[in-house]
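Residues per chain, in single letters:
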Amino acid sequence: DTEVTQTPKHLVMGMTNKKSLKCEQHMGHRAMYWYKQKAKKPPELMFVYSYEKLSINESVPSRFSPECPNSSLLNLHLHALQPEDSALYLCASSQVTGRTYNEQFFGPGTRLTVL
Amino acid sequence: EDKVVQSPLSLVVHEGDTVTLNCSYEVTNFRSLLWYKQEKKAPTFLFMLTSSGIEKKSGRLSSILDKKELFSILNITATQTGDSAIYLCASDTGGGSQGNLIFGKGTKLSVKP
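What this report covers is the structure whose coordinates are included nearby. Keep in mind it's a predicted model, so treat the numbers as computed, not measured.

1. Things to note about the overall build of chain B
Then comes step 1: Looking only at helices and strands, chain B has zero helices and 11 strands in total.
Then comes step 2: Each helix (α) and strand (β) of chain B, taken in turn from the N terminus, gives the series β-β-β-β-β-β-β-β-β-β-β.
Then comes step 3: Taken against the 2.2 N^0.38 rule, which gives 13 Å for 113 residues, the C-alpha radius of gyration of chain B at 14 Å falls within 12% of a compact globule.
Then comes step 4: With respect to the three principal axes, the spread of C-alpha positions in chain B is 45 × 30 × 20 Å.
Then comes step 5: By residue count, 45% of the 113 residues in chain B fall in the buried class.
Then comes step 6: Long-range contacts, defined as pairs at least 24 residues apart, comprise 54% of the intrachain contacts of chain B with a sequence gap of at least 6.
Then comes step 7: Accessible area of chain B: about 5,400 Å², with a carbon and sulfur share of 49%.
Then comes step 8: In chain B, which carries 13 positive and 11 negative side-chain charges, the distance between the mean positions of the two groups comes to 5 Å.

2. Concerning the packing of aromatic side chains
Residue and element names in this part refer to chain A.
Then comes step 1: Per the counting criterion, the structure on display carries 10 aromatic pairs over all chains.
Then comes step 2: Relative to Phe106, the ring of Tyr35 has its centre 5.3 Å away and its plane inclined at 45°; by these criteria the two rings are tilted. Of this pair, Tyr35 sits in strand β4 (residues 31-37) while Phe106 sits in strand β10 (residues 100-106), and the two are 71 residues apart along the sequence.
Then comes step 3: Relative accessible area serves as the criterion here: at 0%, Tyr35 is assigned to the buried category.

3. Brief notes about the sheet that holds strand β6 (residues 56-58) of chain B
Two strands in a sheet stick together by hydrogen bonds in their backbones, pointing the same way (parallel) or opposite ways (antiparallel).
Residue and element names in this part refer to chain B.
Then comes step 1: Spatial ordering of the open sheet is given by β1-β3-β8-β7-β6, a layout of five strands whose pairing is antiparallel. Edge positions in the open sheet fall to β1 (3-7) and β6, since each of these has one partner strand only. Adjacent strand axes in the sheet meet at a mean angle of 15°, parallel and antiparallel pairs treated alike.
Then comes step 2: Looking at chain direction, β6 and strand β7 (residues 61-66) are connected through three bridges and run antiparallel.

4. Digging into the interface of chain B and chain A
Then comes step 1: In this assembly, 20 residues from chain B lie in contact with 24 residues from chain A.
Then comes step 2: Buried area between chain B and chain A, summed over both chains or domains, comes out near 1,800 Å², and the portion from carbon and sulfur atoms is 58%.
Then comes step 3: The tally of links between chain B and chain A comes to two residue pairs in polar contact (both at pLDDT 80 or more).
Then comes step 4: Those elements giving two or more residues to the side of chain B that touches chain A turn out to be β4 (32-38), β5 (43-49), β9 (85-92) and β10 (101-103) of chain B.

What counts, and where the lines are drawn
- Residues numbered from 1 in each chain as written.
- Chains lettered and ligands numbered in written order.
- Predicted model: local features only at pLDDT ≥ 70, side-chain atom pairs only at ≥ 80, totals over all residues.
- Heavy atoms only, no water.
- Helix = DSSP H or I, 4+ residues; strand = E, 2+ residues; numbered from the N terminus.
- Rg over C-alpha atoms; globule rule 2.2 N^0.38 Å.
- Buried < 20%, exposed > 50% of the residue type's maximum accessible area, 1.4 Å probe, protein only.
- Contact = heavy atoms within 4.5 Å.
- Areas by Shrake-Rupley, 256 points an atom, 1.4 Å probe, with all protein chains shown as cover.
- Lys, Arg positive; Asp, Glu negative; His and termini not counted.
- Charge placed at Lys NZ, Arg CZ, Asp CG, Glu CD.
- Phe/Tyr/Trp six-rings, centres within 6.5 Å; stacked < 30°, edge-to-face > 60°.
- Pairing = 2+ DSSP bridges.
- Axes fitted to C-alpha atoms, helices over the stretch in contact; angles between N-to-C directions.
- Buried area = accessible area lost by both parts, 1.4 Å probe.
- Polar contact = N/O pair within 3.5 Å; in protein donor to acceptor, adjacent residues only side chain to side chain.

It is worth stressing that arrangement in space is one thing and function is another; only the former is reported here.
Pasting the structure below:
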């Protein structure tokens with residue numbers, strides 16, 4: 001299995017809702033990432049998990065809460081989002097060799113709309 | 001501040017043309033430079049470059065890195081309409097050991113029949 005999968009593909013939520021985005025990979029990668037991508041912009045890193053531990057949090061608001069239950073799964077819990085949080089949320093994973101992080105492979109993304 | 005700059009931002013060519021996409025970077029703890037192709041959704045990995053002067057090839061695509069001048073190019077020969085996409089360049093800033101990618105704004109390539 002050489003894919004990163006994400007669910008759901010699309011999500012529409014209100015500002016008071018709580019929802020979760022899910023990401024899964026079975027390539028044995030030990031680093032997993034969440035990115036946010038607005039229209040016509042490049043992806044922006046949000047979180048990095050390395051060996052199931054949060055290693056980078058790029059000053060993301062607390063209404064986004066990541067979770068890494070095991071080495072294959074990565075969740076992003078959403079609560080009290082704002083309309084400007086509407087974007088494509090991309091998950092990625094990479095192999096880690098020693099202290100080297102190899103190329104990242106991206107999932108298809110979740111298109112999030114906040115009303 | 002670390003940054004990655006791509007040029008041109010958009011490019012329109014005809015099938016069969018050869019194109020060169022440019023990427024320059026200013027990164028404090030450079031580890032590698034990566035190229036991705038993004039069509040409708042997920043960026044698809046193309047190349048990772050770590051050493052200067054060594055060309056990487058995959059079919060009609062090739063890329064090379066110049067660590068002295070801090071840039072990379074992506075070449076596509078005999079372009080096809082299926083090459084139409086946004087091509088993203090990213091630098092892994094390392095920052096110790098984390099895979100912290102900083103992306104350029106991308107080059108939008110349109111290949112007309």
